[in-house]
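Chain by chain, the residues:
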Amino acid sequence: MPAYPKSKNQSIMLQSFFILCSGADKNLLEGCSQGEKTKFVGIGATVFFTAVMAFLASAYALFTVFDNAFIAIAFGLVWGLLIFNLDRFIVSTIKKRDSFLDEFIQATPRIALAIIIAIVISKPLEIKIFEKEINTVLLKEKNEMMLANKKQVANYFQSDLDKNKAQIDSLKSDILKKEKEVNDLYSVYITEAEGTAGTKKLGKGPVYKEKREKHDASLQDLADLKTANQAKITDLEAKSKTLQADLDKKVTETQPIIESFDGLMARINALNKLPWLPSFFIMLLFLAIETSPIIAKLLSPKGEYDFKLEDS
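Reading guide: rules and limits
- Residues numbered from 1 in each chain as written.
- Predicted model: local features only at pLDDT ≥ 70, side-chain atom pairs only at ≥ 80, totals over all residues.
- Heavy atoms only, no water.
- Helix = DSSP H or I, 4+ residues; strand = E, 2+ residues; numbered from the N terminus.
- Rg over C-alpha atoms; globule rule 2.2 N^0.38 Å.
- Buried < 20%, exposed > 50% of the residue type's maximum accessible area, 1.4 Å probe, protein only.
- Areas by Shrake-Rupley, 256 points an atom, 1.4 Å probe, with all protein chains shown as cover.
- Salt bridge = Lys/Arg side-chain N within 4 Å of Asp/Glu carboxyl O.
- 1 Å grid on protein atoms, 1.4 Å probe; cavity = no way out; pocket = protein on both sides within 12 Å on 5 of 7 lines; lining within 4 Å.
- Points joined across faces, edges and corners; volume = space filled by probe spheres on them.
- Nonpolar A, V, L, I, M, F, W, Y, C, P; charged D, E, K, R; others polar.
- Phe/Tyr/Trp six-rings, centres within 6.5 Å; stacked < 30°, edge-to-face > 60°.

Caption draft 1: Highlighting the overall build of the chain. Within the chain, the regular secondary structure consists of 10 helices and 0 strands. Counting helices and strands in the order they occur from the N terminus, the chain gives α-α-α-α-α-α-α-α-α-α. A globule of 312 residues ought to have a C-alpha radius of gyration of about 20 Å, yet the chain, at 43 Å, is considerably larger. Projected onto its principal axes, the C-alpha positions of the chain cover 140 × 45 × 25 Å. Here the chain holds 312 residues, and 33% of them are scored as buried. Working note: accessible area of the chain is about 19400 Å², and carbon and sulfur atoms make up 64% of it.

Below, the structure written as structure tokens:
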């Protein structure tokens, strides 16, 4: 057995691996020309690297969901192997026919499946490529959500806060009214004593005494009212502080939920809000990669391998 240089052995092994990836029958391909082998090596390499891209895309997508590298790699590996198996099956089951139309009809379901796979693979990688732009969109959305959340929570507590404030204002208004009444009575008995109003007699006569007693009684009522209302106002203000604390607590509790609003679906929605053209061309690139083995099969003429496959 001839001894090949190490680099040549590696080349042969790599060629065999890519032929395996293409789904071709190695025994039938063994007697074919080098050009025929190279065609299947190219198809197999495309299948393999598509699976690698699928692994990377799914691993990143799952990492955004689970936030765990080991789970993401494990599921990504399963998904990559699944895509590899599907692509290998798709390419290996397309048989060369005498009519291109027959070949195209045969390949149509496989092309449709390849398009779906390309879209699924490209989306997570688009998210990674445009990560900075997506983060900007998400930050804007989070800020809007925070403001909307504060408004919603405030509205929930607003009726109680407004009711409390109205009661406090009413109690304060009662005190102000009573103070005005006392001040008016004070003015009445003073002007009575000065003789400028009322009986217009200078001095502290019976009318003055009556008006003074009325003022003093009203002044006592004012003191009692202030004491009673101030106690009520203190209770209501304490209740208002409790309501405000509950409002702030509710806003604080919902904050982590809004902060964690950066999952896979949120990022996909954010990506859709960016200009569509760059994302579209990336998807076209993956579509071209995914469908290239099928297109290569359709466009290539019948080769030695196809004739041998028909005869076998």
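Caption draft 2: Quick peek at the pattern of salt bridges. Throughout the structure, instances matching the rule amount to 8 salt bridges. Among the salt bridges present, the one from Glu 36 reaches Lys 39, with a minimum N-O distance of 3.5 Å. Taken together, the residues Glu 36 and Lys 39, both in helix H3 (residues 34-66) and 3 residues apart, mark about one turn of the helix. A salt bridge links Lys 273 to Glu 141; the shortest N-O distance between them is 2.3 Å. With Lys 273 in the loop between helix H8 (264-272) and helix H9 (276-299) and Glu 141 in helix H6 (residues 131-194), the pair connects residues that are 132 residues apart, well separated along the chain. By relative accessible area, Lys 273 is classed as exposed at 56%.

Caption draft 3: Summary view of empty space enclosed by the protein. Evaluation of the coordinates by the stated rule reveals 1 cavity of 30 Å³ or more. Size it by volume and the largest cavity reaches roughly 50 Å³. In terms of lining residues, the largest cavity is bounded by Thr 46, Val 47, Thr 50, Asp 87, Ile 90, Val 91, Ala 114, Ile 289, Glu 290, Pro 293 and Ile 294. Listing elements by their share of the lining of the largest cavity, those giving two or more residues are H3, helix H4 (69-92) and H9. Partitioned by chemical class, the residues of the lining of the largest cavity number 7 nonpolar, 2 polar and 2 charged.

Caption draft 4: Examining the packing of aromatic side chains more closely. Considering all chains together, one arrives at 7 aromatic pairs under this definition. Geometrically, the ring pair formed by Phe 18 and Phe 49 is tilted, given 6.2 Å between the ring centres and 45° between the ring planes. With Phe 18 in helix H1 (residues 6-22) and Phe 49 in helix H3, this pair connects stretches of sequence that are 31 residues apart. Given the relative accessible area of 9%, Phe 18 is considered buried. Residue classification places Phe 49 among the partly exposed positions, given a relative accessible area of 47%. Considering the side-chain rings of Phe 280 and Phe 281, the 6.1 Å spacing of their centres and the 65° angle between planes classify their relative orientation as edge-to-face. Put simply, the rings of Phe 17, Phe 18, Phe 48 and Phe 49 pair up and form one aromatic cluster.

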